[in-house]
Amino acid sequence: MPRALPNCIDQTHELLKTADYVADRSLATALYLSLTMQRPLFLEGEAGVGKTEIAKVIAQTLGRELIRLQCYEGLDIAQAAYEWNYSRQMIEIRLAEAAGEKSRDQLSQDIFSEKFLVKRPLARALEGARGAAPVLLIDELDRTDEPFEAYLLEVLSDWQITIPETGTLKAAEPPIVVVTSNRTREIHDAVKRRCFYYWVDYPDAARELEILRRKAPKAAAALSREVVAFVQRLRGVDLFKLPGVAETIDWANCLVALDRVTLDPETVNNTLGVLLKYQDDIERIAGEEATRLVGEAKSAAVAA
Amino acid sequence: MFPELDSAAPGGRLAENVMHFARLLRAAGLRIGPDRVIDCTRALELADCNRREDWYWTMSAVLISREEQRPIFDQAFRIFWRDPKLTEKMMAALLPRAHGRAAKPEQQQSQRLSDALFNQKKPEEQQEQQVELDARLSFSTREVLQRMDFDTMSAAELAQAKKMLAQLRLPLPLVRTRRLEAAPRGARMDLRATLRQSLREGGGLIPLVRAAPSEIHPPLVVLCDISGSMNPYARMFLHFLHALTNDRDRVSVFVFGTRLTNITRQLRHRDVDIAMARVADAIKDWSGGTRIGACLREFNWRWGRRVLGQNACLLLVSDGLDREAGEGLGEEMQRMHKSCNQLIWLNPLLRYDQFEARPAGVRAMLPHVDRFLPVHNLKSLIDLAHALARPEPRHLEKRAWS
């Protein structure tokens, strides 16, 4: 059941909270603006900070369909926007031949009509009815190449797709668009200009604790505090890949599964692979450093 | 469509202030067009900001387009929205300065103009010099220049070398993409084009239209050493990099001595002299010491994952002489090597026939490069161009030196 868009920043903030997404007010502001002004929201940030989740939450709370376009190298129009159903078209040509159809114009009109069009995510996102526009998630845009970005410009600014054979597909109501990027390369300014930009950062301790409370409810309060304190300290270390929120949640769940109620250096050493995904980083932390961090985290958790 | 910018209407001052704020940001180097100013005014009206925090995040969502811009934005925001009156005065003081900065390139150009005039006066002298060279050696100046080391060239020779560098093109190997393009002998079939072609002829015949994966240049990332020992080569190489940057897309250039500087944007300027002046402004550690390990580490940490995607090719220009005796260098080189498609090390010291991999830095770096080539004169750059065009198995390259 599609719901109406929020009316102010506070409502947007509440909306995110109802779906267990603990957001900053800054994110609520950017999201509210993008919803109201019908602009795409461009989310950039390290892997595992909850960028994709935002789109899912919007779709869920507003009761809209979520259309996801996962980007990859070599993504082209046929997979992203639309494609013709070639085999059916060929059969149609044969049938027309058999029926003795002579008019070429008529034939090409028949062949390139709506019923032979296979719609892919971008085209489907433009089909939303008024008040029920879907959420279009363009995930990891940095994985595609520049030509695809250029193609997106028409979709993102005019909410239309031009199909040379037939004409233009135009949205009755623009979809709610969320674009995410891991910043493995810079996205062109022309795309960014059309969007509202938001940098999704690692959460602070209070917010991360709140996230754990909602996402890993089985973890004891004391354990959660220690986990958060540990991860927050880990983010201060000069690591190649810092653990994101997703890793924190995984780790908390993992500790619960191991029946731990408090952190100890040995468990941390054994489960570091959940938090850190590079061997160099693990080598650096495992052992003394881990023991030191656990000690610090424990005292910080008690103090909090 | 456009919001009302009537200054009499309530909130009319708002548009004006936003405009001034945007101009302030623009003067500070952010690229903000009038469209964003209009967006920003609308957004502020919509967001109905009562709190300073909302005000801040609304403007940041509209006006910022990359996270690096935030420090500048923060400063400008703090100064501007404390007291707009004050800032108006400041803008009045600041704008002429901004104009002054914009006018600087013209000044440089006029300098170049005078240079050009000055040079025109004595073409005879130059010709004489050429004749002399031709008399002494039996090949052309071009050839002489190609062999001469960059550090033994006179000013005039350097100028000519720069000109030749600008014409040199670097044919990097192409990489295959997953995208298809029309190709008469392609292995795949483009069904869409086939059907269109068929209908053009009435649908009776179906001529096959073929396609094949397209090939593109991979992104090129250059890391250039600018420490004291590299001084004579680095300057020339920067000219070459300028030509390269303007020749194709997806080139990122970093220089390092004791710290790492990204000079891609500075090199983008079409005019080589202006670009070089900007580069000189950006580089703080020109001709200083070398901390290769630390700089490579910073590159890996901050930039590696942002610029080395999509099968990038990495050129490392350095003599491998490290102040810190190669500490931590091996690991960083290994990481760098693993994150790119091809790592090519250009070393000017290779011109000496007795070069041995003695220095600790060189020894630490050698195991992790795909190719190891000299880069001390123009000829070696031309060789480089050839070498890059035909990738060879890496073990053949390395064995000679390790």
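Everything numeric here is computed off the predicted structure, so don't read it as measured data.

Caption draft 1: Just the sheet that holds strand 7 (residues 313–317) of chain B, in detail. Residues and elements named next belong to chain B. Strand order in this open sheet of six strands is 6-5-4-7-8-9, and the pairing throughout is mixed. Each edge of the open sheet is held by one strand with a lone partner, namely strand 6 (260–262) and strand 9 (371–373). Taken pair by pair, the neighbouring strands of this sheet meet at an average axis angle of 20°, ignoring direction.

Caption draft 2: Representation of the sheet that holds strand 1 (residues 41–44) of chain A within the structure. Residue and element names in this part refer to chain A. Reading across the sheet, the five strands line up as 2-5-8-1-9 and stay open at both edges, with parallel pairing between neighbours. Each edge of the open sheet is held by one strand with a lone partner, namely strand 2 (66–70) and strand 9 (196–199). Strand after strand, the sheet turns through a mean of 20° between neighbouring axes, direction not considered. Judged from the five bridges that link them, strand 2 and strand 5 (residues 135–139) form a sheet pairing that is parallel. Bridging from a neighbouring strand, Leu66 pairs with Val135 of strand 5.

Caption draft 3: Broad picture of unusual backbone geometry. Phi is positive for A:Trp159, which is not a glycine, with a value near 55°. Here A:Trp159 shows up in the loop between helix 8 (146–158) and strand 6 (160–163). On the basis of neighbour count, A:Trp159 is assigned to the partly exposed category, with 19 C-beta atoms found within 10 Å. Of note in this structure, B:Gln310 is not a glycine but carries a positive phi near 50°. For B:Gln310, the position within the fold is in the loop between helix 13 (292–307) and strand 7.

Caption draft 4: Broad picture of helix 2 (residues 25–36) of chain A. With twelve residues, helix 2 of chain A ought to run about 16 Å at 1.5 Å a step, and its terminal C-alpha atoms sit 16 Å apart, in line with that. Where burial is concerned, most of helix 2 of chain A is hidden: nine out of the twelve residues are buried. Among the residues of helix 2 of chain A, those classed as buried are A:Ser26, A:Leu27, A:Ala28, A:Thr29, A:Ala30, A:Leu31, A:Tyr32, A:Leu33 and A:Ser34. Against helix 1 (9–18), strand 1 and strand 9 of chain A together with helix 2 (34–47) and helix 3 (52–63) of chain B lie the buried residues of helix 2 of chain A. Just downstream of helix 2 of chain A, A:Gln38 is the residue with a positive phi angle, here 55°.

Caption draft 5: Here's a closer look at the interface of chain B and chain A. With 30 residues of chain B in contact, the opposing surface of chain A contributes 35 residues. Where the side of chain B that touches chain A is concerned, the elements lending two or more residues are helix 2, helix 3, strand 1 (175–182), helix 9 (191–200) and helix 13 of chain B. Looking at the side of chain B that touches chain A element by element, the count peaks at six residues for helix 3 of chain B. Grouping the amino acids of the side of chain B that touches chain A by side-chain chemistry returns twelve nonpolar, seven polar and eleven charged.

Caption draft 6: Focus on the nonpolar core. Formed by 105 residues in total, the largest nonpolar core has its most connected members in A:Leu41, A:Val178, A:Phe196 and A:Tyr198. Ranked by residues supplied to this core, first place goes to helix 11 (residues 221–234) of chain A with seven residues.

Caption draft 7: Focus on the confidence of the model for chain B. Residues and elements named next belong to chain B. The predicted model of chain B averages 73 in pLDDT, with 68% of residues at 70 or higher. Throughout residues 1–9 the model reports pLDDT below 50, and contacts reaching past four residues in sequence, or to other chains, amount to ten contacts. Counted against residues more than four places away or in other chains, residues 394–402, with its pLDDT under 50, gives twelve contacts. Our summary of model confidence lists the complex with pTM equal to 0.76 and ipTM equal to 0.75.

Caption draft 8: Geometry of the environment of B:Leu350. Residue and element names in this part refer to chain B. For Leu350, the position within the fold is in the loop between strand 8 (342–346) and helix 15 (360–365). Here Leu350 falls in the partly exposed class, since 18 other C-beta atoms lie within 10 Å of it. Considered as a pair, Leu350 and Val375 are 25 residues apart in the sequence and their alpha carbons are 7.8 Å apart.

How each quantity is defined
Residues numbered from 1 in each chain as written. Chains lettered and ligands numbered in written order. Predicted model: local features only at pLDDT ≥ 70, side-chain atom pairs only at ≥ 80, totals over all residues. Pairing = 2+ DSSP bridges. Helix = DSSP H or I, 4+ residues; strand = E, 2+ residues; numbered from the N terminus. Axes fitted to C-alpha atoms, helices over the stretch in contact; angles between N-to-C directions. Buried ≥ 20, exposed ≤ 12 C-beta atoms within 10 Å, placed from the backbone. Expected span 1.5 Å × (residues − 1). Contact = placed C-beta atoms within 7 Å. Nonpolar A, V, L, I, M, F, W, Y, C, P; charged D, E, K, R; others polar. Core = buried A, V, L, I, M, F, W, Y, C linked by C-beta atoms within 7 Å. pLDDT = per-residue confidence, 0-100.

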